[in-house]
Amino acid sequence: MDADLYVPGDGWLHRADPRVKFLITVVMLVLCLVWRNWAFILDVLIIEHLMLITDGVPLKRIGWVWKILAVIIVFIVVLWPIFDPSGTHVLWQWGWLKLTRENLVMAAVMGLRIPALGFACFLTLFTTSQTKLIRGLTSLGMPYKAGLTLATALRYIPVFFSIFQSVSAAQRARVFVRLVDRFKSYLPIIIAVLIRAYKMSQSVGWAMESRGLNLQGVRRTYRIQLKMRLSDWIILAVTVAATAGSIWLMLWQF
């Protein structure tokens with residue numbers, strides 16, 4: 001899997017303003033963290049999948065997210081009843097281990113919450129290019145230098161990932177070693193990656209300096225100008241209405 005999370009496309013989420021997608025992500029994160037209702041979190045998870053599928057994000061990428069979250073979900077669901085013996089409706093008990101209706105429900109809630117939180121973030125990461133992602137953050141008040149640092153870091157994550165893969169493949173092609181020695185073989189790989197990273201960062205620094213980075217009295221301009229379109233306002237209105245309805249339902253239940 002490519003280390004670059006962005007999936008090129010032209011779906012409705014890809015075309016949406018990144019600031020609107022930030023709002024959608026933040027709203028889903030907050031609601032899923034605050035409301036411990038398995039049905040609500042399941043609905044959010046289904047909505048997230050529908051949004052990604054209708055946008056045209058490949059099912060392979062969606063499956064990749066489930067793959068990296070599967071171990072965490074299993075650990076939480078299995079260990080939650082063990083470390084949380086609370087509850088009055090006991091279903092099964094053996095010594096100190098007690099399964100109750102309450103802790104099983106909470107285990108299900110936590111098992112659904114993890115992928116719901118993950119997909120809330122991937123809604124933005126999968127459908128927003130790094131340039132628009134940083135431009136959206138700077139338009140919301142992030143300092144230019146912080147945005148540039150974040151953009152540079154995101155830009156070179158796939159590069160360093162590719163360097164690591166190429167050096168690792170070359171290392172495996174030269175020698176076949178035992179399992180213990182294979183772990184030791186990662187040390188020269190890491191050293192090679194760090195050396196290439198240092199040389200690359202030095203070249204990037206020279207290039208930025210030659211283009212007048214950090215000059216005093218210079219007004220920065222941006223290649224990408226963000227502008228809210230009618231479709232963005234519609235998505236924003238739907239998000240606000242859905243958020244208000246969720247909060248009302250949450251307060252009504254309490």
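Residues numbered from 1 in each chain as written. Predicted model: local features only at pLDDT ≥ 70, side-chain atom pairs only at ≥ 80, totals over all residues. Heavy atoms only, no water.

Student: Please clarify how the overall build of the protein chain should be interpreted in this entry.
Tutor: Helices and strands together make up the secondary structure of the protein chain, namely 10 helices and two strands. Counting from the amino terminus, helix and strand elements in the protein chain follow one another as α-α-α-α-β-β-α-α-α-α-α-α. Counting the 254 residues in the protein chain, one finds 34% classified as buried. Summed over all atoms, the accessible surface of the protein chain reaches about 16,300 Å², with 69% contributed by carbon and sulfur. (Helix = DSSP H or I, 4+ residues; strand = E, 2+ residues; numbered from the N terminus. Buried < 20%, exposed > 50% of the residue type's maximum accessible area, 1.4 Å probe, protein only. Areas by Shrake-Rupley, 256 points an atom, 1.4 Å probe, with all protein chains shown as cover.)

Student: Looking at this structure, how should I read a nonpolar patch on the surface?
Tutor: Side chains of Val 71, Val 74, Phe 75, Val 78, Leu 79 and Ile 82 sit close together on the surface and give an oily, nonpolar patch of about 510 Å² of accessible area. Judged by its relative accessible area of 52%, Phe 75 falls in the exposed class. (Patch = residues over 30% accessible without salt bridge, like charges linked within 9 Å, V, L, I, M, F, W, Y side chains within 5 Å. Salt bridge = Lys/Arg side-chain N within 4 Å of Asp/Glu carboxyl O.)

Student: Please explain the nonpolar core as it appears in this structure.
Tutor: The nonpolar side chains of a soluble globular protein tend to be buried, and buried together. One finds Ile 24, Met 28, Leu 52, Val 65, Leu 123 and Phe 126 to be the most contacted residues of the largest nonpolar core, which totals 37 residues. Examining the composition of this core, we find that 12 residues originate from one element, helix 5 (residues 101–127), more than from any other. Among residues more than four places away in sequence, those in contact with Leu 52 are Val 57, Ile 62, Phe 119, Phe 122, Leu 123 and Phe 126. (Core = buried A, V, L, I, M, F, W, Y, C linked by side-chain atoms within 4.5 Å. Contact = heavy atoms within 4.5 Å.)

Student: Can you help me understand helix 10 (residues 230–253) in this one?
Tutor: An α-helical turn contains 3.6 residues, so any two residues separated by three or four positions project in the same direction. For helix 10, with 24 residues, the first-to-last C-alpha span of 35 Å sits near the 34 Å given by 1.5 Å per residue. Taken together, the buried positions of helix 10 are occupied by Asp 232, Ile 235, Thr 239, Thr 243, Ser 246 and Met 250. Where helix 10 is buried, its residues meet helix 1 (12–15), helix 2 (18–34) and helix 3 (38–55). (Expected span 1.5 Å × (residues − 1).)

Student: I tried to follow the packing of helix 2 against helix 3 on my own but got confused; where do I start?
Tutor: The relative placement of two packed helices comes down to the angle between their axes together with the axis-to-axis distance. Viewed as axis vectors pointing N to C, helix 2 and helix 3 meet at an angle of 160°, and their least axial separation amounts to 10 Å. Regarding the angle of helix 2 to helix 3, the classification is roughly antiparallel. Our pair here, helix 2 against helix 3, has a crossing hand that is left-handed. Along the contact surface, helix 2 presents Ile 24, Met 28, Leu 31 and Cys 32, while helix 3 presents Phe 40, Ile 41, Val 44, Ile 47, Glu 48 and Met 51. Grouping the amino acids of the contact of helix 2 with helix 3 by side-chain chemistry returns nine nonpolar, no polar and one charged. (Axes fitted to C-alpha atoms, helices over the stretch in contact; angles between N-to-C directions. Parallel < 35°, antiparallel > 145°, perpendicular 65-115°, else oblique. Left-handed = near helix turned anticlockwise from the far one by under 90°. Nonpolar A, V, L, I, M, F, W, Y, C, P; charged D, E, K, R; others polar.)

Student: Help me understand the pattern of salt bridges in this model?
Tutor: Two side chains that carry opposite charge are able to pair once their charged atoms sit near each other. Overall, the coordinates contain three salt bridges when judged by the stated rule. The shortest N-O distance in the salt bridge between Arg 15 and Asp 10 comes to 4.0 Å. Classification of Arg 15 as partly exposed rests on a relative accessible area of 40%. Overall, the relative accessible area of 59% leaves Asp 10 in the exposed class.

Student: How should helix 6 (residues 130–139) be read in this particular structure?
Tutor: Taken residue by residue, helix 6 has Leu 133, Ile 134, Arg 135, Gly 136 and Thr 138 as its buried positions. Where helix 6 terminates, the next one or two residues include Gly 141, which has phi positive at roughly 115°.

Student: Before we go on, may I ask you to explain the packing of aromatic side chains in this structure?
Tutor: The geometry of an aromatic ring pair is captured by two quantities: the separation of the ring centres and the angle between the planes. Overall, the coordinates contain five aromatic pairs when judged by the stated rule. Look at Trp 64 and Phe 122: their rings are 6.0 Å apart centre to centre, the planes differ by 75°, and that puts the pair in the edge-to-face class. Taken together, the residues span a long stretch of sequence, with Trp 64 in helix 4 (residues 59–83) and Phe 122 in helix 5 at a distance of 58 residues. Among the aromatic residues, those joined into a cluster by ring pairs are Trp 64, Phe 122 and Phe 126. (Phe/Tyr/Trp six-rings, centres within 6.5 Å; stacked < 30°, edge-to-face > 60°.)

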